[in-house]
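Here are the chains, one letter per residue:
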Amino acid sequence: MNQPATTSSPGEPASASYPLRPYLLVFFGLMGLTALTTTVAYVDLGFLNTTVALAIAGVKALLVVLIFMHVPHSGKIVWALASAGLLFLIILFLLTMNDYVTRAMVMGWE
Amino acid sequence: MLEKLGIFPEAASEFADQVDYLYFFLIGVTIFFVTVIVAALAYLSVRYRHRRSPVPTPVHGSILLELTWSGIPLVIALFIFGWGAKLYIEHQDMPPDGIEISVTGKQWMWKLQHPSGQREINALHVPVGVPILLTMTSEDVIHSFYVPAFRFKRDVVPGVYTRAHFTADKTGSFHLFCAEYCGTDHSVMIGKVVVMEPSEYEAWLSGQPAGETPVQAGERLFTDLRCNTCHAAGSDQKGPDLAGVFGSKRLLVGGGEAIADEEYIRESILRPARKVVFGYEPLMPTYQGQVNETQILSLMAYLKTLGGAAEGANP
Amino acid sequence: MADPSTIPLAHHFEDQEQQHETTAIGMWAFLLSEVMFFGGLFTAYLVYRNRYPEAFLEASGKLDVTLGTLNTAVLIGSSLTMALAVRAAHMGSRGGVVRWLLATIIAAGIFLGVKAVEYSHKFHDGLVPGANYAFKGTASADTELFFALYFGATGMHALHMVIGVGLMAVVAWRWRPNNVVQHPDGVEVLGLYWHFVDLVWIFLFPLLYLLGRHV
Amino acid sequence: MNPLTVTAVPKPKRNFWNHDFSVKSWLLTEDHKRIGILYLLSITLFFFLGGVMAVLIRLELLTPAGDLVQAETYNKLFTMHGVVMVFFFLLPSIPAVFGNFLLPLMLGARDLAFPKLNLLSWYIYMVGGVFTLFVVFKGGVDTGWTFYTPYSSTYANSHVIAAALGIFITGFSSILTGVNFIATIHKMRAPGLTWFRLPLFVWSHYATSLIMVLGTPVVAITIVLVALERLFRLGVFDPELGGDPLLFQHLFWFYSHPAVYIMILPGMGVISEIIACFSRKRIFGYRFVAFSSMAIAALGFLVWGHHMFTTGQSVFASLVFSLLTFLVAIPSAIKVFNWTATLYKGSISFSTPMLYALGFIGLFAIGGLTGLFLGCLGLDIHVHDTYFIVAHFHYVMVGGMVMAFLGAIHFWWPKMTGFMYSEFLAKIAAAIIFVGFNMTFFPQFVLGYLGMPRRYHVYPEEFQVLNVLSTAGASILGFGFLLPAFYLIYSLKAGRRAGPDPWQAKGLEWTVDSPPHPHNFETVPVVTEGAYEYGPEEVKRG
């Protein structure tokens, strides 16, 4: 299997420019957070349970997006697209729930 | 005047007149802007046509001009929004008293029921000047109860009670349409709303075969469906006593509380386990499929009469 | 970095750097649409959970947490192997790409297998929405909504995984030794897609499985 | 024009038409220009299919009694008219034909970012089209193009799943086009072509692509859920199980309102190009027009609730949606005023594209302003689901988008085919279409306020006069739409040759010869000036 000569900056082993450590760190981080979220789910925190579960999921998502998906060094436009997705998702959630939450509210116009 | 030409609908309710004023204002705004734009287009096209000005001279944009022609439309837009919103909200809250009519939309007919038991299909006889309070639902798909003469339209959605009202201020017979597409005979699901003098209405009412009033039907159903075995006072009280239930606040199992309005009662009949009153077990079986919408309305009419907090029962 | 001169450059691009950035933007624009695609399902979940909290809590109790957690771990593992495949592609090591892609396929297979087991439990317990839906518990009709969303969301997620496995097989086949040199962006784009699938599960797992555990 | 009368017809230069005539080269092409032509053929087919259905609907409505077709067939006719027109003509037409053909030329690129994806987009569109044609011939679907549940999911017994699948598949064609344009506009611009030197056509397509990518998937999942509910009773919207039919409407309109901006924004881009070229002037307030496209794309996602004012949506939510609807009207107003101001001190010539552009501005103004009636809560209660709504969206879609499409066809026909159409015939057709259109849809405003509901197969007698007027208009409009098909095809045979820049227009696409070389530019052009540099140094045109 011919290993083509790597012409990245000379003198630096190929694997250095593509370090393994961040991937492994993220892997163990995600595993840890999964274990955490499962155990915390059994602890009765009242209404906080959902927020905690979503917060942990958010952190896991950030880890995947930032490290595994190389977003930081993919340029401004990719950042913009990723955040546009989040923004319009939130618009969908907010304006839909705005209807359901206020359906019982009677509007008077004194 | 315009009605005669057949290009403007009759206005038979006070709300209709207000909607018409707003409509004319908006027509004015549209005519004004369209004439301004078309006149500008025409004048500029003719004045600067190629033959008359063969050489175009560049023109600098002007921020001020841009701000004016986005600011002024914004102000007009917000004014129109305000006027429309005020009209809509004022018409939202139900007048305290009036004739309670229950409307049930069913694939391709309107079933209407008067408080005194008269049932009508695709027709509604109402006295002039008296607020008509509608409790509307649908037995299958979404329909829409639309009376153009009153500028009144509300969708009837299955599984939900819609409360709405209108007040006719002119006698006569007006169109009733279904406005939300509901299948093959959507265009035949129409009828008449006949507005009569109060005396005529009473005569019509008494002339009608006074069927079982909803309250009587409700009472009969209350025993037929054996609700009384658990709910009647003095029984072994497996279910909460229903005297004065309508409008009261119910404490629920698992915390939280709910006002026992139409929605709550319908839900408790069809899906009792959803909201169980504190201190009771979720033993009540579901009556889903055993009672139709009109029967639920009758049960509700009966429960309203079981004394307690409900406002004075209507005539 | 594989020898850039050997990496194929499409005729309409100026240079490698432009081709790489354009591919990244294109893939992220596509992922944007996938985010909104699952967004519709999450909206339905959000609306119904707020409407029938007790029914959702109780229905969620019927799901098997151990299998769910195991599946999450398996999927995170597959995310790692995919990331290593992308890394191998950038380093130009064909064997690495093929090896890690096969590992990801195996992990995905395990995930889908566990999913199949879970689904069979649901069929067995009569928890599948439809004619013979028989939920044993105090809440009644609204739990069927939970399972409608459960099957809708996890089914759509599983479908995305099957598509991903198919793509991985194709890419692995293309990166077999002594085949024409392939562009590492092909593997990177596949990686982005797979990490997105993992991202969806990261939110699905707590919302579906861990809902009512504390009650 | 070349004064030399050349005896022998010069052998035509190598261009994207004649370098390979084989069918295989067309069906496997990666050339954005050929894919644009393929799209042009397929959307014209669907436009005429939808048009036939429109004529049948109008004929049926000649008489109050439903005597041309039964109710069942009429319901299928208006549903298929809606589905074919919305998903197979209005949504793809300008982006897929002119966006595909012109964006690389306008940006100075050799092709779109992902040529293979572009071809895949056309094939996906055709597969979706085949599904829809299958539905048409197998008996149609009768749920309305809006597929409202619970009718579409439980009570309809026509081919809902096949139609839903057709729309689901075609949605991906739209997403792929959006992805392609976003990547191309960001990364494939010629050196020196900064964002504010871009033609406004490109700005409007960038905004459209964002809506395509963000909105289309939401209708895709909604349509899938309806199909799942029909197939496996997975009752997400089923009121029996406690589901909410309004949730379907929320998810459906979240896409379908921005979809009307997918339809109109490319048309606005075309109008900016035509107005600038035929008044020989830079667009007045270039940045305002460019940013108003982006504002429409963003605000377009906040207003969908104005479709649900009468459905028992919460009063507060209706207020919020009504207010936001009035805000989204402002950018469109800015565009109309800026186009009108562009004519000032210009040197205006009235070729056919310019006639369509002027027609667009007038009719779109009416369409847009009647939208304010619908966004206004008090009024919408009365006019919702009546012919007032039908008139409103036809004024914006036919009066706006189709006029812009016809303007675009005439403006870029010489560039695409190298031949010039006959101006005389084209102006007649434009006049006929303008008259026919207004006669068809203006009476429907009056019908709407009179209270005639939408989708009615049978209607009370007092509405007949206006309906007859509308049908008369429809026959004129139908005839008017046929004319361009004839004289444009005829121009391919006997039209005179059009040089690289018959209109003396500015823009990179006019610097290459027509029809363009397969690789567009020999050397990548360097841009040194802004768009629309129509200056005073105009030599007197022949």
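Just above sits the structure.
As the structure is a prediction and not an experimental result, all values here were calculated from the model.

Cut-offs and rules
- Each chain carries its own residue numbering, running from 1 in the direction its sequence is written.
- Chain letters and ligand numbers both follow the written order, the letters beginning at A and the numbers at 1.
- pLDDT decides what is reported in this predicted model: residues at 70 or higher carry local features, side-chain atom pairs at 80 or more are listed and counted, and totals for whole chains, interfaces and linings draw on all residues regardless.
- To obtain the side-chain values, all non-hydrogen atoms of the structure were used and water was disregarded.
- Helix and strand definitions follow DSSP, with helices as H or I runs of at least four residues and strands as E runs of at least two, each counted in order from the N terminus.
- Methods summary: accessible areas were calculated by the Shrake-Rupley approach with a probe of 1.4 Å, and residue burial reflects only the protein chains presented.
- Burial status follows relative accessibility: with a 1.4 Å probe on protein chains alone, a residue under 20% of its type maximum counts as buried, one over 50% as exposed, and anything between as partly exposed.
- Contacts: residue pairs with any heavy atoms within 4.5 Å of one another.
- Asp and Glu are treated as the negative residues and Lys and Arg as the positive ones, with His and the ends of the chain left uncounted.
- One atom stands in for each charge, and that atom is NZ of Lys, CZ of Arg, CG of Asp or CD of Glu.
- At least two bridges found by DSSP between two strands are what make those strands a pair.
- Every angle, taken between N-to-C directions, lies between 0 and 180 degrees, and every axis is a line fitted to C-alpha atoms, over only the stretch in contact when it is a helix.
- We call a set of buried residues a nonpolar core when its members are Ala, Val, Leu, Ile, Met, Phe, Trp, Tyr or Cys and they connect through side-chain atoms within 4.5 Å of each other.
- Arc, as used here, means the arc of the directions from the helix axis to the C-beta atoms.
- Buried area is a sum: the accessible area each of two parts loses on coming together, probed at 1.4 Å, counted once for each and added.
- Definition used for salt bridges: Asp or Glu carboxyl oxygen within 4 Å of a side-chain nitrogen of Lys or Arg.
- Polar contact criterion, stated in full: a pair of N or O atoms within 3.5 Å, where within protein one must be able to donate a hydrogen and the other to accept it, and residues adjacent in sequence count only if both atoms are side-chain atoms.
- By the convention adopted, Pro, Cys, Tyr, Trp, Phe, Met, Ile, Leu, Val and Ala count as nonpolar, Lys, Arg, Asp and Glu as charged, and the other residues, Gly among them, as polar.
- Here, patches come from residues exposed beyond 30% relative accessible area and free of salt bridges, joined within 9 Å for like charges and within 5 Å for nonpolar side chains (Val, Leu, Ile, Met, Phe, Trp, Tyr).
- Orientation categories follow fixed angle ranges, with anything under 35 degrees roughly parallel, anything over 145 roughly antiparallel, 65 to 115 roughly perpendicular, and all other angles oblique.
- Definitions for this section: a left-handed crossing has its near helix turned counterclockwise from the far helix by less than a right angle. A right-handed crossing has that turn clockwise.
- Here the aromatic set is Phe, Tyr and Trp, taking the six-membered ring for Trp, and pairing holds for ring centres within 6.5 Å; pairs whose planes are under 30 degrees apart are stacked, those over 60 apart are edge-to-face, and all others are tilted.
- Put simply, a charge is over a ring when the Lys NZ or the Arg CZ is close to the ring centre, within 6 Å, and near the line of the ring normal, within 35 degrees.

1. Here we look at the overall build of chain A
When helices and strands are tallied, chain A shows four helices and zero strands. Entry remark: accessible area of chain A is about 6200 Å², with carbon and sulfur atoms responsible for 76%.

2. Some remarks on the overall build of chain C
For chain C, the helix and strand inventory stands at six helices and zero strands. Helices (α) and strands (β) of chain C occur, in sequence order from the N terminus, as α-α-α-α-α-α. Viewed in the frame of its principal axes, chain C has a C-alpha envelope of about 70 × 30 × 30 Å. Residues classed as buried in chain C amount to 65% of the 215 residues present. At a minimum sequence separation of 6, the contacts of chain C that also span at least 24 residues come to 78%. Roughly 7200 Å² of accessible area belongs to chain C as shown, and the carbon and sulfur atoms make up 69% of that amount. Looking at charge distribution, chain C has the averaged site of its 12 positive side-chain charges lying 10 Å from that of its 16 negative ones.

3. What to know about the sheet that holds strand S5 (residues 132-138) of chain B
Residues and elements named next belong to chain B. Read from one edge to the other, the open sheet built from five strands follows the order S3-S2-S1-S5-S8, with strand pairing classed as mixed. Of all strands in the sheet, those with a lone pairing partner are strand S3 (119-121) and strand S8 (162-166), marking the two edges. Here the strands of the sheet are splayed against their neighbours by 25 degrees on average, with no regard to which way each runs. As paired elements, strand S1 (residues 99-106) and S5 share seven bridges and run parallel to each other. Counted as the bridge partner of Gly-105 is Ser-138 from S5.

4. With respect to the sheet that holds strand S10 (residues 191-196) of chain B
Residues and elements named next belong to chain B. Ordered by their spatial adjacency, five strands build an open sheet running S4-S10-S9-S6-S7, and the pairing between neighbours is mixed. Here the strands that pair on one side only, and so sit at the sheet edges, are strand S4 (123-127) and strand S7 (152-156). Taken over all neighbouring pairs, the strand axes of this sheet differ in orientation by 20 degrees on average, direction set aside. Note that S4 and S10 share five bridges and pair parallel. Counterpart to Leu-124 in the pairing with S10 is Val-193.

5. Thoughts on the nonpolar core
In terms of nonpolar packing, the biggest core is built from 371 residues, with Phe145(B), Phe150(B), Tyr48(C), Phe147(C), Phe98(D), Phe360(D) and Trp412(D) touching the most fellow members. Sorting elements by how many residues they give to this core places helix H9 (residues 245-278) of chain D first, with 22 residues. Residue contacts for Phe360(D): discarding those within four places in its chain leaves Ile264(D), Met268(D), Ile271(D), Trp339(D), Ala365(D), Gly399(D), Gly400(D), Met401(D), Met403(D) and Ala404(D). Grouped together as the second largest cluster of nonpolar side chains are 24 residues, Leu221(B), Leu252(B), Ala260(B) and Leu299(B) included.

6. Quick word on helix H2 (residues 53-61) of chain C
Regarding H2(C), the residues found buried are Ala55(C), Phe56(C), Ala59(C) and Ser60(C). Each buried residue of H2(C) sits inside an arc of 125 degrees when the element is viewed along its axis, so together they form one side.

7. Quick notes on the interface of chain D and chain B
Between chain D and chain B, the residue contacts involve 89 residues of the former and 80 residues of the latter. Surface buried jointly by chain D and chain B totals about 7200 Å² across both partners, of which 71% is contributed by carbon and sulfur atoms. Connecting chain D to chain B are zero salt bridges. Between the two partners, chain D and chain B, sit 24 residue pairs in polar contact (both at pLDDT 80 or more). Only helix H3 (71-90), helix H6 (151-155), H9, helix H11 (315-342), helix H12 (352-375), helix H13 (377-383) and helix H15 (423-450) of chain D provide two or more residues apiece to the side of chain D that touches chain B. Tallying contributions element by element places H11(D) first for the side of chain D that touches chain B, with 14 residues. When its residues are assigned to classes, the side of chain D that touches chain B shows 50 nonpolar, 25 polar and 14 charged.

8. Details of a nonpolar patch on the surface
A surface patch of nonpolar side chains, amounting to about 390 Å² of accessible area, comprises Val52(D), Val55(D), Leu56(D), Leu59(D) and Leu68(D). Among the secondary structure elements, Val52(D) is positioned in helix H2 (residues 32-60).

9. Notes on unusual backbone geometry
With an omega of -5 degrees, the peptide bond between Thr149(D) and Pro150(D) qualifies as cis. Along the polypeptide, Pro150(D) turns up in the loop between helix H5 (115-138) and H6. Along the chain, Ser514(D) connects to Pro515(D) via a cis peptide bond; the corresponding omega equals -10 degrees. Inspection of the secondary structure puts Pro515(D) in the segment after helix H16 (464-494). Located in the positive-phi region is Arg226(B), a residue other than glycine, with phi close to 60 degrees. Mapped onto the fold, Arg226(B) is located in the loop between helix H5 (214-224) and helix H6 (228-231).

10. What about the packing of H2(D) against H3(D)?
Residues and elements named next belong to chain D. Two elements in contact, H2 and H3, have axes separated by 9 Å at closest approach and are oriented at 150 degrees. Of the possible angle classes, the one that applies to H2 and H3 is roughly antiparallel. The interaxial crossing formed by H2 with H3 has left-handed handedness. Along the contact surface, H2 presents Ile-43, Phe-46, Phe-47, Leu-49, Gly-50, Gly-51, Met-53, Ala-54, Leu-56, Ile-57 and Glu-60, while H3 presents Tyr-74, Leu-77, Phe-78, Met-80, His-81, Val-84, Met-85, Phe-88 and Phe-89.

11. Quick word on the pairing of S10(B)
Sheet analysis places strand S9 (residues 172-178) of chain B next to S10(B), joined by five bridges and oriented antiparallel. Bridge pairing in S10(B) links His175(B) to Lys192(B).

12. Quick word on the packing of aromatic side chains
In this description, a pair of aromatic rings is defined by centroid distance and the angle of the planes. On inspection of all chains with the given rule, the structure shows 93 aromatic pairs over all chains. Summarising the aromatic geometry, the rings of Tyr201(B) and Trp204(B) are spaced 6.2 Å apart at their centres and angled 25 degrees between planes, so their arrangement reads as stacked. Taken as a pair, Tyr201(B) and Trp204(B) lie in helix H4 (residues 198-207) at a separation of three residues, close to a single helical turn. For Tyr201(B), a relative accessible area of 4% translates into the label buried. Exposure remark for Trp204(B): the relative accessible area of 16% places this residue in the buried category. Across from the ring centre of Tyr146(B), 4.0 Å away, lies the NZ or CZ of Lys153(B), which sits over that ring. Lying across the ring of Trp173(C), Arg176(C) places its NZ or CZ 4.2 Å from the centre.

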